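Here are the chains, one letter per residue:
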Number of protein chains: 2
Amino acid sequence: MLSANADEGMWLFSQPPAQLLREQYQFDASPAWLDHLQRASVRVGGGGSGSFVSEDGLLISNHHVGAGTLQKLSTPERNLLRDGFHARTLAAELPCRDLELNVLESIEDVAPRVNAAVAKESDPDRAFAARREVIAQIEKDSLDRTGLRSDVVTLWQGGAYHLYRFKRYTDVRLVFAPEEQIASFGGDPDNFEFPRYDLDICFFRAYENGSPARVPAFLRFSPQGAGVGELVFVSGHPGRTSRLLTVAELENLRDQALPSRLAALHRQEVLLNAWSARSQENARRARRSLVGTQNSRKATEGRLAGLLQPEFLAGKAKAEAEFKQRLTGRPEFADALAAYTAIAETTRVLAAQATRRGLIEGGQGFGGDRFRIARTLLRAGDERSKPDGQRLHEFAAAGRASLELSLFSPKPIYADLETLTLADSLTYLAGQLGAGDPLVREALAGKSPRDRAAELIKTTRVQDVAFRRQLYEGGTSAVAAANDPLIELARRVDTEARALRKVAEAQGEVREQAHAAIARARNALNGTAGYPDATGTLRLSYGLVKGYEEAGQPVPAFTTFAGLYDRAKTMGGRPPFELPPVWVKGKTRLKLPTPYNFVSTCDIIGGNSGSPVVNRAGEFVGIIFDGNLQSLPGDYYFNDRQNRAVAVHSAAILEALTRIYDARALARELTTGRLAR
Amino acid sequence: MLSANADEGMWLFSQPPAQLLREQYQFDASPAWLDHLQRASVRVGGGGSGSFVSEDGLLISNHHVGAGTLQKLSTPERNLLRDGFHARTLAAELPCRDLELNVLESIEDVAPRVNAAVAKESDPDRAFAARREVIAQIEKDSLDRTGLRSDVVTLWQGGAYHLYRFKRYTDVRLVFAPEEQIASFGGDPDNFEFPRYDLDICFFRAYENGSPARVPAFLRFSPQGAGVGELVFVSGHPGRTSRLLTVAELENLRDQALPSRLAALHRQEVLLNAWSARSQENARRARRSLVGTQNSRKATEGRLAGLLQPEFLAGKAKAEAEFKQRLTGRPEFADALAAYTAIAETTRVLAAQATRRGLIEGGQGFGGDRFRIARTLLRAGDERSKPDGQRLHEFAAAGRASLELSLFSPKPIYADLETLTLADSLTYLAGQLGAGDPLVREALAGKSPRDRAAELIKTTRVQDVAFRRQLYEGGTSAVAAANDPLIELARRVDTEARALRKVAEAQGEVREQAHAAIARARNALNGTAGYPDATGTLRLSYGLVKGYEEAGQPVPAFTTFAGLYDRAKTMGGRPPFELPPVWVKGKTRLKLPTPYNFVSTCDIIGGNSGSPVVNRAGEFVGIIFDGNLQSLPGDYYFNDRQNRAVAVHSAAILEALTRIYDARALARELTTGRLAR
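Notes on the structure follow. Each chain has its residues counted from 1, running along the sequence as written. Chains carry letters from A onward and ligands carry numbers from 1 onward, assigned in written order. Note on the predicted model: pLDDT of at least 70 is required for a residue's local features to be given, and 80 or more for side-chain atom pairs to be given and counted; whole-chain, interface and lining totals, by contrast, use all residues. Hydrogens and waters are ignored; side-chain quantities use all the structure's heavy atoms.

**Focus on the sheet that holds strand E18 (residues 595–600) of chain B**
All names here are of chain B.
Here is step 1: Think of it this way: DSSP has to see at least two bridges between two strands before they count as a pair. Helix and strand assignments follow DSSP, with helices taken as H or I runs no shorter than four residues and strands as E runs no shorter than two, numbered in order from the N terminus. Strand order in the open sheet made by the eight strands is E1-E14-E13-E19-E20-E21-E18-E17, with antiparallel pairing throughout. Two strands in the sheet have a free side with no partner beyond their single neighbour: strand E1 (11–12) and strand E17 (558–560).
Here is step 2: In this sheet, strand E14 (residues 539–544) lies alongside E1 in antiparallel orientation, the contact comprising two bridges. By the bridge assignment, Trp11 is partnered in E14 with Leu540.
Here is step 3: Contacts: residue pairs with any heavy atoms within 4.5 Å of one another. Structural elements are reduced to axes, namely lines fitted to C-alpha atoms, with helices fitted over the stretch in contact, and the angle between N-to-C directions of any two is expressed from 0 to 180 degrees. Along the sheet face, helix H22 (residues 561–570) touches E17 and E18 and points at about 70 degrees away from the line of E17.

Structure representation (C-alpha cells):
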C-alpha cells in the first residue's frame, strides 16, 4: 500500500530506494555510500539506535536511549541520570555492564531454506515448530561458522526471510551525558510535540581488548549541520510498523488491543506517579519506568487516534476490496484470497484469549524485574535441556550471549518498588479475571495481593546475581532444590502461561503463512518495489528539512537556544521546565541563535531514537530523538503533510559541549574523527 | 452484621446508640444534646458536611468541600482556590451562586405508606413505578404543606423509609479560605495518610433576606479542643457504605464494578495530569477535577484492597451461610431466603449491562459539563410534561429548586477542557464498545473522536446560561427548535440510555424488595439495634482520640505545627509540599507545639468531610477532613485497630486565624459565638 507521499518509507539497505532518490532528488545512493552508512550505524541495547562518530569507537545516541544505563550506574549519592556525567579521560569512562552494541555486517536471503522446511507441515503447531527449528539452525550454523551474532529476520509479515549478521560490542563505556533536565527538557508535556528544546544526546565508547575499538566505519561530524530544504537521510532501527496489516487486524487493534494496552499504561502511570510523589528517593527509583510508561502511553494514544480517523480505515477497506477483486478467479492467487479469511479467523482466536495471555504470559499480571528473572530461571532450566530448535525462541543458542548479559546484569532492583509493582499487578490480575478464578487463587495462595507481594519480594533471592548464576548453571534440579517462592509462583502459573503461548504461536504461524501468500500475490501484481513493515532492523529513510502548518499556523523547521530560554521562562521554570544550573549560568556564553532542534519529513518510528541524520555527503548533521504528535499514526500510514521527525542539530551539540560543558576533548574528537594521540 | 468493635457505627439521630454510650463511656446522649447537635449540623452542597459555629450563620466546612465554589469564583487574574480569601467585613463576603445548605429539621417514618403502594404490584417495572410515584407524592405533599425541602430516604437497603425535612439556605457567601497549598498540604501523595498537616477549613455564612441568618442552633467553639483518650462525636453526612450487601454483590464489586471504575479513574487522572502539565492556566482550569479524580482513585483502590482481603469475604460468606441456615425451614422467612437468590440474579443482570450503562447512561462515554447540561435540557423538556410521579427521579417536583440551582449555575466552563474531555471519553466509548458499534457510529457521525468533540464544543450553545434558561422554560418544542448539536447528540443516544436505565431501575426494585425481606428477617431474629448503611443523610459516630500502630511503629494521635515545617523541609519544599509565603514568614509568630491534626476512632466515610467533631459538652473541638489509608475498606467493614478519622484541631484553627491570617474578627466570632455588634 505505497501511497503517493514523496518521502515515505523505511527502506532495506539491501533494497534501497535508489530510483526514487535519483528521480526526486537527483541523488545517487551508491553502494559505497550505503555500505559506509550501514557500517557506521549501530543498534544500541534492546531497541535503540546510534552511530559511530570517531574511528576510536565513540558512539552517539540519545540520552533517553542511554537513560536505563545511567539509572543503573546511579546510586542515591551519585545520580548520573539527573546530574549528567563527563569522563575527561579514557580512564574515567564508566563500564556499562549489560549494554550491547550491534553493527550490521551482512544480509543474506534464507527464505528458500525456511520455506522448504515448513512446506512439508500442514498442521500449524508442527509448521510453527519446523519454522522455529530451521531458523534456530540457520542462526546457529551462522554463529558457529562466523562467530557473529546471527538473527533471521522475518520481513513482509512472512513474505521474506533474511539472515542478518552483526558484529557485537559488549565492553561499552559511558563517556558523556548531559543532565536529564536538558536532555528531556519539557518532559512528558513536551514529548512528541514541536517546537522542542532538548539536548537529547549521550556518548558511549566501544572497547575491544580493553582499548577503544577501531571501528570499521564512522560518520564525519558536520559542524554547520543541515539547512532548511536540505535533503537528509536517517539510518536506524525503527521498531515496528503495521502498514501491511489487513482490515480485520487493524480493527482488532482499534477496538481491542490498543484500548486494552492503554488501560494497562494508564494504570501503571498513575501507580508510578503517585509513588514517586511520596519521596524524592522514590522518584529517583521509579524515574525510568515512569518516563517509559508516559512515552508509551502518548504513543499508543496517537496510534489509536490514527486508527480512529475513519477515512484511513475506509481507504484501507476500499484498497483491500479492490486488491481482493484482482485476485478473484485467478487460481494462482487462491491462497492469497483465502489468506484474508484465515487472518480474520486467527485475529478472532487471538483476541479471545488476549486478556489472559497478556496477564499470564505477557507479564501484565506479574509485574516487576524479579518475577521476570524468576520466570527466566525457571524456564531456562527446562528449555536449555531441549534440542536447540525446540526451545522457546528466547533460549535459542544464537541468543545465549544476549540472554546471559541481561540475566546476570547487576542493575539495582529495589524491594519497595518491586513490592509496589507486584502488588498492583496481582490486583490487576484479580480484577481482570476475578478473584475466584483458579489461576488467580493459585497465584494469591489465600492472601491479599498486597500481602502476597510483600511476602514474595521479602523471601525471594533472585535479586542476588550469584544466586541467579548458580540456578542457571545448575539447571532444572538446582532450580527445584532452591525452592525460591517467586520461582515457585512462576511454576504455579507456567502450565497455563505456556498453553496460551502455544496457541498464540500456532495462530501466529497461520497468520504468517497467510501474510506470505498475500505478499507473494502483491509482489506478483505490483512488483517488488517498496519497503516491508519495520521490524527493529536497520532501515534507511529520507526526506527534507521542512516545517509544517498546524491549526493554520506555520511551525518553522528549526528552534534555537534562545527559544529554550523563552520556553523555560513562559512555564515559570517549574518542573519539567526548569533549566540545569550550568545552563542558567552559561546563557551569556552561548550563541543564542544557534539552531537547536529541527524537523524533517523522514519516515521514522519508535526505535529510530538515536539514529544519525546525515546529508548527501554522508556527514552527521543531527540525531533523531522524537517524532511530532502527527507522526504517531505512522505506525499505520505516512502522511508528509504534518508527520515530522525531530532531531538535535549538530551545531547545537558542538556549541553545548564547548560552551556549557567545557568538553573540549570530546568536541575535538568529533570534529577530527579521532582521539588526540 | 455488627462486629464486636467498640466504636463502630454511623447511627441515625432518630435511633442513637444511647445504651452503648452509657455502658461503654458512661455518657448520656440526651434528646436535647442530640437535637442541638442535629440542628447545628449542615449538609453542604451535593455531598459535604459542615456546622454552624455562630448564631449569625457562620458555617465551617472543609476547604476541599468549598473548593468547587472557590474554583467557580476564580478567574485567571484572581485565583481564590490557590491564593485563599478573607472578607474583613460583611460587605466583602462573596456570594456563591449555586451553593445550597440544608439543615435537617425532622424525621418521619413513611414506610407504611410506601410499602402499601408497592405491595399491590408484582411486576418489577410496575412496582418500581409505583414506588417512584408514592415517594414523589410524599415529598410533594410535605413540600406543599411545610415549605421545607423534603426527601424520602431509603434505609436498610429498603428495610425502612424515612421522610427527612430540611431547612434550605441558598444565599451563601464566602467568608474565609486559606491557600489551597496549606489546606491540602501534601496533595495526593499525603491524601488518606497520617501523620498529616492540613488546614483543611473554609468559612461561609448563610444569609436570609440579605442579612446574616439567625440560625436555630450553633456549636460553641472550644479553644483548647480535645485531648488524647477523650470521647468525641462526629455529626455529618457519610455518603455511602456497603456493609449490608450480600456476598454476591460484594464479589461483583471486587471482580467487576470496582476494577472497571478504577480503570476509568486511571484514564481520567492521566488525561488531566498530562493536560495540566502543558501550561499553568491549564493546571488552574483542571485543578478541581484532577484533585477529585485522584481522591476517588485512592479511595477506590483502598476499597478494592479491603475486598481483596480474603478473610473478610470468607467471614462474610460464613456469616451469610449461618444466617441462611437460621432462615431455612421457617415459612415466615421464606421470602428472605429467596431474596439471596434474587439478589444474585439481579447482580448478574446488572453486571452484564454495566459497561454499556456506565458509558451511555452513566456518562463515562460522554464527558464534560456541556454534555451533562445538554442531556438535562433534553430530558427536562420531556420529563417535566409528565405527571410528577412518572418522571425520572431527578426531575421530580420536590427536587426542582436544587435542579435549577445547578442547571443555571454561572460557573465557568472552559471550551478547551471540554473538548479534551469529550474527545477522550468518545475515544473510551469507541474502545470499549468497538468503533463499529451502532451507537458509537451514531455518536461519532462519521468523524474521529477528536474531530467530533471539537466540532460539538465549538457549535453548541449550552455554555450560555440564558440559552439554557430559554430552552428549559420553552420545553420540548423549544429544545427541538434550537437544534443544538450537543443536545441532538444526547437525543441520538437517549433511546438506548433510557432503556439501560429502565432495566437498572427494574432490577434495582427487585433488589430493594429482596433486601427489605432480609432486613425484616434480620430485625425479627436479631432485634432492631444497629445502624443502616450510610445514605448521605445525617449520622452520629463516636470514638476516642487515639493513635495506632503501623508496621510495628506507633503513630501518635496528634501532629503539631512544628511537624508541618519538618515535613516541608524533608520533601525539599517541592510541590505539593511547598508552604504558602504567609506560612514561611509567619513561622516565628506561631506556637509551634500547638496540636494541628488529630485522629480518632470515629466511624466515618466520604461525605463526612467537614463534619464537626464535638466533645461531651457538645462543643466544637475539630473538623473531620479525611480518613487514613486503613479506613478505606470502611465501605465494607469497620475495624478500630487502625481505622482512623482525621481532623483539624480547633486550637490550630484559632492559632492560624489570629497569628497567620490576622483574622481577628473571625476568631472573635468563633470564641463569642456571635458577630461583634
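**Examining the relation of the copies chain A and chain B**
Both copies of the chain are related by a screw-like operation: a rotation about an axis and a shift along it.
Here is step 1: Fitting of the copies onto one another was done by least squares over C-alpha atoms, counting residues only where both copies have pLDDT of at least 70. With an RMSD of 0.0 Å, chain A superimposes on chain B once it is rotated by 180 degrees and translated 0.0 Å along the axis. The transformation relating the two chain copies, once decomposed into turn and shift, fits a two-fold axis. Measuring from the rotation axis to each C-alpha of chain A, the shortest distance belongs to His266(A), at 2.8 Å.
Here is step 2: Of all interface residues in chain A, 100% are interface residues in chain B too; the two copies therefore contact each other through one and the same surface.

**Points about the interface of chain A and chain B**
Note on interface size: it is often stated as the accessible area lost on association of the parts.
Here is step 1: The interface is formed by 45 residues belonging to chain A together with 45 residues belonging to chain B.
Here is step 2: Reported buried area values correspond to the accessible surface (1.4 Å probe) lost by two parts on association, with both partners' losses combined. For the chain A and chain B pair, buried surface summed over both sides reaches about 3300 Å², with 57% attributable to carbon and sulfur atoms.
Here is step 3: Salt bridges, as used here, are contacts in which a Lys or Arg side-chain nitrogen is within 4 Å of a carboxyl oxygen on Asp or Glu. Between the two partners, chain A and chain B, sit six salt bridges.
Here is step 4: Here Glu578(A) ties to Arg574(B) by a salt bridge, and the two come within 3.8 Å at their closest N and O atoms.
Here is step 5: Counting of polar contacts relies on pairs of N or O atoms within 3.5 Å, with two restrictions inside protein: one atom must be capable of donating a hydrogen and the other of accepting it, and residues adjacent in sequence are counted only when both atoms are side-chain atoms. Across the contact surface, chain A and chain B share nine residue pairs in polar contact (both at pLDDT 80 or more).
Here is step 6: Those elements giving two or more residues to the side of chain A that touches chain B turn out to be helix H8 (187–190), helix H9 (247–276), helix H10 (280–307), helix H16 (415–433), helix H18 (449–459) and helix H22 (561–570) of chain A.
Here is step 7: Considering each element in turn, the side of chain A that touches chain B owes the most residues, 10 residues, to H9(A).
Here is step 8: Classification convention: Asp, Glu, Lys, Arg as charged; Ala, Val, Leu, Ile, Met, Phe, Trp, Tyr, Cys, Pro as nonpolar; all other residues, Gly among them, as polar. Taken together, the residues that form the side of chain A that touches chain B break down as 16 nonpolar, 13 polar and 16 charged.

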